[in-house]
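# Results of the structural survey
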Amino acid sequence: MCFMAAMAPLRNIVILTGAGISAESGIDTFRSAGGLWEQHKVEDVATPEGFARDPDLVLRFYDMRRAAIQTKTPNPAHEALAKLDGAWGGELLIVTQNVDDLHERAGATRVLHMHGEHLNAWCAACDARPRWTEPLIHRPPCPACGEPALRPDVVWFGEVPYEMDRIHAALREADLFVSIGTSGAVYPAAGFVRNARSLGAQTLELNLEASQGSRWFDETRLGPASEVVPAWVDELLGG
Ligand code: OAD
């Protein structure tokens, strides 16, 4: 049975995106074969302890990734979500685990970066979050306080993701929760589908392969994001 046909009229949508939506833009995912977490140890480059142990290693890793994402461009999946964002009259929130800015560069505005952003730095001395496109390895001074205390504004394991209150408020109001391109391996994002379900939302997964949490979704559509996301958006806007 077609998911959309079975659905009650919907107004409020929460969309969770992960690394899979940016894969076809040439940004490595984390857990695929050859993905980032095969090339680098999580505990070395994505924990506060790793940063305390070897800050140069961590700053170099993020300097490389910050430079790389600036050479990438949005793909049809980002563009389709931006089109939906522009056209959808109800509430819509794109909660992304991604630290790239491809949703915004495609034109989406209702985007929340729960794991931070590559193009922001965070000052450990004064808590400023300046926009940052350059390397941090040489310890540039914070534009707000002058201290050489900037780190990537990326949420590491053991740190609390951003804006959880706002995300839970949106999930409470959601008629539809859609998960795109995420393996469902990392909490709290991996638990959103169950939150949304228990609060009455329909749930849809769009992914290359079934994720760890696939059984919690009313419907799963498998395929590359550049194909399944535009098809779903067209269906939603046309229906
Ligand atoms: P993962 O690398 O864990 O999962 C990526 C998902 O995208 C997998 O399920 C792939 O099957 C799917 N995928 C790959 N290519 C795709 C394509 N072309 N179209 C659609 N789907 C595709 O990435 P995330 O789930 O985003 O956190 O990882 C979650 C978090 O773990 C990240 O935000 C990061 C990481 O550690 C932090 O760094 C805090």
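What comes next concerns the included structure. (Residues numbered from 1 in each chain as written. Predicted model: local features only at pLDDT ≥ 70, side-chain atom pairs only at ≥ 80, totals over all residues. Heavy atoms only, no water.)

Their axes nearest at 7 Å, the elements helix H7 (residues 76-87) and helix H11 (residues 225-238) cross at an angle of 20 degrees. Looking at the two axes, H7 sits roughly parallel to H11. In this structure, H7 crosses over H11, and the sense of that crossing is left-handed. Between H7, through Pro 76, Ala 77, Ala 80, Leu 81, Lys 83, Leu 84 and Ala 87, and H11, the contact on the second element is made entirely by Ala 225, Ser 226, Val 229, Pro 230, Trp 232, Val 233, Asp 234, Leu 236 and Leu 237. (Axes fitted to C-alpha atoms, helices over the stretch in contact; angles between N-to-C directions. Helix = DSSP H or I, 4+ residues; strand = E, 2+ residues; numbered from the N terminus. Parallel < 35°, antiparallel > 145°, perpendicular 65-115°, else oblique. Left-handed = near helix turned anticlockwise from the far one by under 90°. Contact = heavy atoms within 4.5 Å.)

Before going further, it helps to spend a moment on the site of the ligand. Not every one of the 23 residues close to the ligand is listed here, only the nearest: Ala 19, Phe 30, Arg 31, Thr 182 and Ser 183. Taking Leu 208, its main chain carries an N or O atom lying 3.3 Å from a nitrogen atom of the ligand. Between the ligand and Glu 209 there is a distance of 2.8 Å, counted from an oxygen atom to a side-chain nitrogen or oxygen. Its atoms largely coinciding with the cavity grid, the ligand occupies the largest pocket. Here the shell around the ligand is built from residues that sort into ten nonpolar, ten polar and three charged. (Near = heavy atom within 4 Å. Polar contact = N/O pair within 3.5 Å; in protein donor to acceptor, adjacent residues only side chain to side chain. 1 Å grid on protein atoms, 1.4 Å probe; cavity = no way out; pocket = protein on both sides within 12 Å on 5 of 7 lines; lining within 4 Å. Sits in = over half its atoms within 2 Å of the grid points. Nonpolar A, V, L, I, M, F, W, Y, C, P; charged D, E, K, R; others polar.)

Quick look at the layout of surface pockets now. Empty space left among the atoms is revealed by rolling a probe the size of a water molecule over them. The calculated volume of the largest pocket comes to roughly 850 Å³. Lining the largest pocket we find 45 residues, and of these Ala 19, Phe 30, Arg 31, Thr 182 and Ser 183 sit closest to its centre. Of all the secondary structure elements, the ones that give two or more residues to the lining of the largest pocket are helix H2 (20-23), helix H6 (55-69), strand S7 (202-207) and H11. Per-class residue counts for the lining of the largest pocket are 24 nonpolar, 16 polar and five charged. (Points joined across faces, edges and corners; volume = space filled by probe spheres on them.)

On to the pattern of salt bridges. On inspection of all chains with the given rule, the structure shows 14 salt bridges. Here Arg 66 makes a salt bridge to Asp 63, at a shortest N to O gap of 2.8 Å. You can see Arg 66 and its partner Asp 63 sitting in helix H6, three residues apart, about one turn around the helix. Each member of the pair, Arg 66 as well as Asp 63, is classed as buried. The partner of Glu 219 in a salt bridge is Arg 221, and the shortest N-O contact between them spans 2.8 Å. Several salt bridges share partner residues, and in doing so they unite Asp 127, Arg 129 and Asp 153 into one network. (Salt bridge = Lys/Arg side-chain N within 4 Å of Asp/Glu carboxyl O. Buried < 20%, exposed > 50% of the residue type's maximum accessible area, 1.4 Å probe, protein only.)

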